[in-house]
Amino acid sequence: PFSEVPDEELEWLWYPYICLGTLGLLDGDPGDGKSQFASWLAAQISRGFTLPNGEKREPANCFLFNFEDLPGAVIKQRLKANGANLKRVFIQTRTFKLTPEMADWLDGEIGKHKPLLAILDPIQAFITGDVDASNNVDVREFMERLKDIAERHGCAIMVVRHFGKGPHDKAMKKGIGATDFVGISRNQFGLARRKDDVRGFIVFHMKTNFERGDAMLFTMGDADGRKGEQPKIDFDRFEKIDVDVFFAGAPTTRGPAQDEREVAKEFLLKTLADGLKPTKAVKSQAEARAINATTLNRAREELRIKHVKVDGIFHWQLPSE
């Protein structure tokens, strides 16, 4: 009975946006500022901070695992631009997949360095080949590896994900992959470019199990790319904005459905050129490239790709003719 369940108190990293010991999600289109926001957040934590509407904290460690940007030329410069204590922000020495063995390694590293926040950017790069990113069962099993680590060490873990294409009735469904990416996360953020001609981005608090915060507007300063500079990020203001209305009018970056299918066909031809591949792995790679399952299947049918079962595992293979 609940009379025997002990009370638990929430500890906030950033009220009401990020709670320690929980798993969170940051969604957005490539190039709109997700990694900039992640670097800004890591910088604030590393130097001791008062986040907007938050409480003053002592300097703390942060893990910033990023597989898309150059560590020294890009990520480090972003941290420096935002005043980070570089001794307190850690990055992986090489890329890795979050297998059960590597989850144990990450568990140990978090236990050793005790970061308040660990960011994995983008989550698709960490997914193992046996995980179908469009399958809720596979995604939940995979994400629970991170959820358990967060709970065990009282560390907030945030995973970064790209938006998919096509219309959605709810903004929280825009991210690529199965719905359980959202379901297992305690907080979900959506990031997009500002529409008011100010250089910067908006961060929406789209889903929460606690209390929903207002949208946050950020600005990006000037930087000389020829000198390797990165822009400084500054918080602008809070604003009440309906996230579903905001994203309802957002234009797609690709053309009509036929163009989407041609992209999917080109992907399949390239991926399967050197022989058959596990179906789950192909689907996961397609998701990482924002190719939805319906478009992928139509492209597969047009190319007459064959289903082949090898050692009990289904594979896709280009036709021999």
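## Regarding the environment of Ala171
- Take Ala171: it is sitting in the loop between strand S7 (156-162) and helix H5 (180-183).
- Note: C-alpha distance between Ala171 and Asp27 (144 residues apart in sequence) is 9.9 Å.
- Beyond its immediate chain neighbours, meaning those up to four positions away, Ala171 contacts Met206, Val243, Asp244 and Phe247.

## Some remarks on the pairing of strand S9 (residues 200-208)
- The element S9 is extensively covered by neighbouring structure, given that nine of its nine residues are classed as buried.
- The pairing of strand S8 (residues 187-193) with S9 spans seven bridges and is classified as antiparallel. Counted as the bridge partner of Gln188 is Lys207 from S9.
- Remark: six residues form the turn of the hairpin made by S8 and S9, two consecutive strands paired antiparallel; Asp197 in that turn has positive phi of roughly 65°.
- The loop that links S9 with its antiparallel partner strand S10 (residues 215-220) comprises six residues.

## Considerations on the sheet that holds strand S14 (residues 313-317)
- Taken together, three strands build an open sheet; the order of strands is S12-S14-S13 and the sheet is antiparallel. Strands with a single pairing partner mark the edges of an open sheet, and in this sheet they are strand S12 (277-278) and strand S13 (306-310).
- Two elements, S13 and S14, share five bridges in a ladder whose sense is antiparallel. Paired with Lys306 across the bridge in S14 is Gln317.

## Things to note about the pairing of S14
- Pairing of S12 with S14, which is carried by two bridges, proceeds in the antiparallel orientation. Bridge assignment links Lys277 to a residue of S14, and that residue is Trp316.
- Hairpin remark: S13 followed by S14, antiparallel, with two residues in the connecting loop; positive phi at Asp311, about 50°.

## Some points on a negative patch on the surface
- Taken together, Asp130, Glu141, Glu144 and Asp148 make up a surface patch of like negative charges.
- Structurally, the position occupied by Glu144 is in helix H4 (residues 136-153).
- Residue class for Glu144 comes out partly exposed when judged on its relative accessible area of 33%.

## Observations concerning the side chain of Asn82
- Looking at the secondary structure, you find Asn82 in the loop between helix H2 (71-81) and strand S5 (89-90).
- Apart from the residues within four sequence positions on either side, Asn82 is in contact with Trp40, Ala43, Gln44, Arg47, Pro231, Lys232 and Ile233.

## So, the side chain of Asp27
- With respect to the element layout, Asp27 can be found in strand S3 (residues 23-28).
- Judged by its relative accessible area of 0%, Asp27 is buried.
- Of note is the side chain of Asp27, whose polar atom sits 2.7 Å from the side chain of Arg161.
- Residues within four places of Asp27 in sequence aside, it is in contact with Lys34, Arg161, Phe163, Gly175, Gln188, Phe189, Gly190, Leu191 and Met206.

## Focus on helix H1 (residues 34-47)
- With 14 residues, H1 extends 20 Å from end C-alpha to end C-alpha; this agrees with the ideal 20 Å at 1.5 Å per step.
- Phi for Gly48, located one or two positions after H1, is positive at around 85°.

## Considering unusual backbone geometry
- In this structure, the amide linkage connecting Tyr15 to the following residue, Pro16, adopts the cis form with an omega of -5°.
- Mapped onto the fold, Pro16 is located in the loop between strand S1 (12-14) and strand S2 (18-19).
- Omega for the peptide link from Asp121 to Pro122 comes to -10°, which places this bond in the cis form.
- Within the secondary structure layout, Pro122 lies in the loop between strand S6 (117-121) and H4.
- One non-glycine residue with positive phi stands out, namely Asn53, at about 65°.
- Mapped onto the elements of the fold, Asn53 is located in the loop between H1 and strand S4 (62-66).
- Judged by relative accessible area, which is 63%, Asn53 ranks as exposed.

Calculation notes
- Residues numbered from 1 in each chain as written.
- Predicted model: local features only at pLDDT ≥ 70, side-chain atom pairs only at ≥ 80, totals over all residues.
- Heavy atoms only, no water.
- Helix = DSSP H or I, 4+ residues; strand = E, 2+ residues; numbered from the N terminus.
- Contact = heavy atoms within 4.5 Å.
- Buried < 20%, exposed > 50% of the residue type's maximum accessible area, 1.4 Å probe, protein only.
- Pairing = 2+ DSSP bridges.
- Patch = residues over 30% accessible without salt bridge, like charges linked within 9 Å, V, L, I, M, F, W, Y side chains within 5 Å.
- Areas by Shrake-Rupley, 256 points an atom, 1.4 Å probe, with all protein chains shown as cover.
- Salt bridge = Lys/Arg side-chain N within 4 Å of Asp/Glu carboxyl O.
- Lys, Arg positive; Asp, Glu negative; His and termini not counted.
- Charge placed at Lys NZ, Arg CZ, Asp CG, Glu CD.
- Polar contact = N/O pair within 3.5 Å; in protein donor to acceptor, adjacent residues only side chain to side chain.
- Expected span 1.5 Å × (residues − 1).

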